[in-house]
Structure formats: structure tokens, C-alpha cells
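# Coordinate inspection notes
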Amino acid sequence: MKIFVTDLDKTFLRSDLTISDFSKNIWNKAHKNGYLLSIATARSLKKSLDFLEGLKLKIPLILLDGAMVATADKKAIAINALEKNITSEIIECSKKFDI
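The structure reproduced in this document is the subject of the present report. Note that this is a predicted model, so its numbers are computed, not measured. (Residues numbered from 1 in each chain as written. Predicted model: local features only at pLDDT ≥ 70, side-chain atom pairs only at ≥ 80, totals over all residues. Heavy atoms only, no water.)

Moving on, we get to the overall build of the protein. From N to C terminus, the protein includes 4 helices and 5 strands. Tracing the protein from N to C terminus, the helices and strands come up as β-α-α-β-α-β-β-β-α. Expressed along its principal axes, the backbone C-alpha trace of the protein runs to roughly 55 × 30 × 20 Å. Counting only residues that meet the buried cut, the protein has 27% of its 99 residues in that class. For the protein, restricting intrachain contacts to residue pairs at least 6 apart in sequence, the fraction spanning at least 24 positions comes to 43%. For the protein, the accessible surface area stands at approximately 7,300 Å², while carbon and sulfur atoms represent 57% of it. Side-chain charges of the protein comprise 16 positive and 12 negative groups, with the mean position of each set lying 9 Å from the other. (Helix = DSSP H or I, 4+ residues; strand = E, 2+ residues; numbered from the N terminus. Buried < 20%, exposed > 50% of the residue type's maximum accessible area, 1.4 Å probe, protein only. Contact = heavy atoms within 4.5 Å. Areas by Shrake-Rupley, 256 points an atom, 1.4 Å probe, with all protein chains shown as cover. Lys, Arg positive; Asp, Glu negative; His and termini not counted. Charge placed at Lys NZ, Arg CZ, Asp CG, Glu CD.)

For the structure shown, the criterion picks out 5 salt bridges. Notably, a salt bridge pairs arginine 14 with aspartate 16, separated by 3.8 Å at the nearest N-O pair. Across the pair aspartate 73 and lysine 75 runs a salt bridge, and its minimum N-O distance is 3.7 Å. Like aspartate 73, the residue lysine 75 is exposed in the burial classification. (Salt bridge = Lys/Arg side-chain N within 4 Å of Asp/Glu carboxyl O.)

This next bit is on the packing of aromatic side chains. This structure, assessed with the given rule, holds 2 aromatic pairs. Here the aromatic rings of phenylalanine 4 and tyrosine 35 are separated by 5.7 Å at their centres, their planes lie at 50°, and the arrangement is tilted. Residue phenylalanine 4 is located in strand S1 (residues 3–6), and its partner tyrosine 35 is located in the loop between helix H2 (21–32) and strand S2 (36–39); the two are separated by 31 residues in the primary sequence. Ring geometry for phenylalanine 12 against tryptophan 27: centres 5.3 Å apart, planes inclined by 40°, an arrangement best described as tilted. With phenylalanine 12 in helix H1 (residues 8–12) and tryptophan 27 in helix H2, the pair connects residues that are 15 residues apart, well separated along the chain. (Phe/Tyr/Trp six-rings, centres within 6.5 Å; stacked < 30°, edge-to-face > 60°.)

Two modes of strand pairing occur in sheets, parallel and antiparallel, and in both the strands are linked by backbone hydrogen bonds. The strand order across the open sheet built from 3 strands is S3-S4-S5, with neighbouring strands paired in antiparallel fashion. Both outer strands of the open sheet, strand S3 (61–63) and strand S5 (76–79), are each paired with one neighbouring strand and no more. Ignoring which end each strand starts from, the neighbouring axes of this sheet average 20° apart. (Pairing = 2+ DSSP bridges. Axes fitted to C-alpha atoms, helices over the stretch in contact; angles between N-to-C directions.)

Here it is as C-alpha cells:
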């Protein structure tokens, strides 16, 4: 079994933020032939699913630069978040450097 994972921006999406009919046909044909296809993106689940409408999605999607893994039916599998005290420290440190 083969697994293919693609990014969205500047890879699978065209410059007008759509997926070509050709790409959709190839994706769905590969899915039908037993290939596992997914995406890895910095985008959110909702926005990613908007882009992927019409595509067969069988395996989880990697979202938010890996901070979330979810299914196409909107079930979170993993959420990799920093603890509140770490994020607070990062914010305070960045304020010291005016960033």
C-alpha cells in the first residue's frame, strides 16, 4: 500500500486557491485504486475541507503545521498544543524583544 501526502499552498492548490479538475480526477482515481492520500498544511480543518471538497478522503489530515491531526468527518485524533505556562513565557520573552 502506498501513502501520498501533499501540501496545499503552492503545491496542490493553484494560484487562485482551487484544485484543478485534473488533480481531482487523479486523486480520486488513485484513491479508488487503493492509494492512501492526505494533506499536511498550516491551514485549519475547516478551511482545508473547503479546498478538498469533492476529493475522497480516507486517512487523517495533518493540520496547523502538525499541531492537529483530524479526520475528514471533523474528528480530532491528536492536538499537539503547548502548555499554558510555556506559551505565556514565550509571549513575555517576545515582548522584551519587541516582537
